[in-house]
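An overview of the molecular structure
These are the residues of each chain, in order.
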Amino acid sequence: MSGESDCTKTSPSAGSPSDSELLPDRPKYVCTLSPDLVTKAREELQEKPEWRLRDVQALRDMVCKDYPSLGTCLDDAFLLRFLRARKFDYDRALQLLVNYHTCRRTWPEVFSNLKPSAIKPVLESGFVTVLPHRDPQGRHIVCIRPDRWTPSNYPITENIRAIYLTLEKLIQSEETQVNGIVILADYKGVSLSKASHFGPFVAKKVIGILQDGFPIRIKAVNIINEPRIFKGIFAIIKPFLKEKIANRFFLHGCDLNSLHQNIPPVILPEEYGGTAGKLDISAWNELLLASEEDFLHDFSELVLPCDSSPHDLLVSGDADEKQCDDSLRGMKPQLYYCY
């Protein structure tokens, strides 16, 4: 079903006797949040259960009016992800939804063939996984280990696709939509040659997706075992991070005690001084690969309006694009200096 016809069906004329016939058959939303999370969502995200479906319908109406050919899913549960990620600000939620689709349209190397089976080699390498236990705030820990990647096996875009699919799986949970996630990135053994694959184009794209193109709350980014080269990379990237995100980066070096102040040892594997046993990637790999049909059902292709280009729809973050390009051009010589 096209985005346009779907929107047409969601906006029948008031009082029409055929309203029920015109409305598409959407899954009925059932809240799965615990009472404590309902309270947390109210306090932190401005989510009022009594107004929830009204807010969803308001966002749906805005999509149908302003972007009738977006080709997006308009189910209650899907739209709620974007409202929660932007604290129920309709305009910002709409912007995030459009950016979400536009990012996928403008980077086909990552977003084509978007299914778990396509990134099985990445999962088997252990480049990205999710720890089995949540932290005390109810947040999943996404563990990224760049040293597990061999560049001659596949391009860096495969790693980014694997991270994206991991986030897509996590955000299906309403608990994660409210609590957010924590990232743990282990840069042990990352050389200059491997770091050079994360060039200006890739850096800008990834930052754009995480900040403005995906409905997830990143509550902390813990970097461990980072070489001196990472400090150079971060110094270049930091000006293009929003202040709130930049302040959530923690560089621990080889200091496990510092890491444990942010992530308790009881949920960490032995590799990071924890007591939760050896790092096991098999459980997450099995869960993600078993979700193949879900991804095939949920993902839809972006259909842009005939008078719009992808850049027209990316309504945030363009003002600094030239400045970003100019500054990032100097990355390679600075990396050599830091290394």
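Residues numbered from 1 in each chain as written. Predicted model: local features only at pLDDT ≥ 70, side-chain atom pairs only at ≥ 80, totals over all residues. Heavy atoms only, no water.

1. Some remarks on the pattern of salt bridges
Threshold: Each salt bridge in this description consists of a side-chain nitrogen of Lys or Arg and a carboxyl oxygen of Asp or Glu lying within 4 Å of one another. Categorising residues by exposure relies on relative accessible area from a 1.4 Å probe, with only protein chains included: less than 20% of the type maximum marks a residue as buried, more than 50% marks it as exposed, and the intermediate range marks it as partly exposed. Numbering of helices and strands runs from the N terminus, with a helix taken as a DSSP run of H or I at least four residues long and a strand as a DSSP run of E at least two residues long.
Scanning the entire structure with this criterion turns up 13 salt bridges. For the salt bridge of D55 with R54, the shortest nitrogen-to-oxygen distance reads 2.8 Å. Its relative accessible area of 4% is what places D55 among the buried residues. The exposure class assigned to R54 is partly exposed, which follows from its relative accessible area of 46%. One salt bridge connects R161 with E158, and the closest N-O pair in it is separated by 3.3 Å. Remark: E158 and R161 occur in helix α9 (residues 156-171); sequence separation between them is three residues, near one turn of the helix. Of the two residues, R161 and E158, neither departs from the other in class, the shared state being buried. Overlapping salt bridges bring together E47, R52, R84 and E174 as one network.

2. Things to note about the nonpolar core
To be explicit about the condition: Throughout, nonpolar core names a set of buried Ala, Val, Leu, Ile, Met, Phe, Trp, Tyr and Cys residues whose side chains join them through atoms within 4.5 Å. Domain extents, as shown, originate in an automatic or database domain assignment. Here a residue-residue contact requires only that any non-hydrogen atoms of the pair lie within 4.5 Å.
Grouped together as the largest cluster of nonpolar side chains are 72 residues, with contacts concentrated most on W107, V142, I181 and F214. The leading source of residues in this core is α9, at eight residues. No fewer than three residues from each of domain 1 (35-106) and domain 2 (113-295) sit in this core. If we skip the residues at most four places from it in the chain, W107 touches T157, I160, F201, V202, K205, V206 and I209. Counting residues in hydrophobic clusters, the runner-up holds 13 residues, among them V182, I263, I267 and L279.

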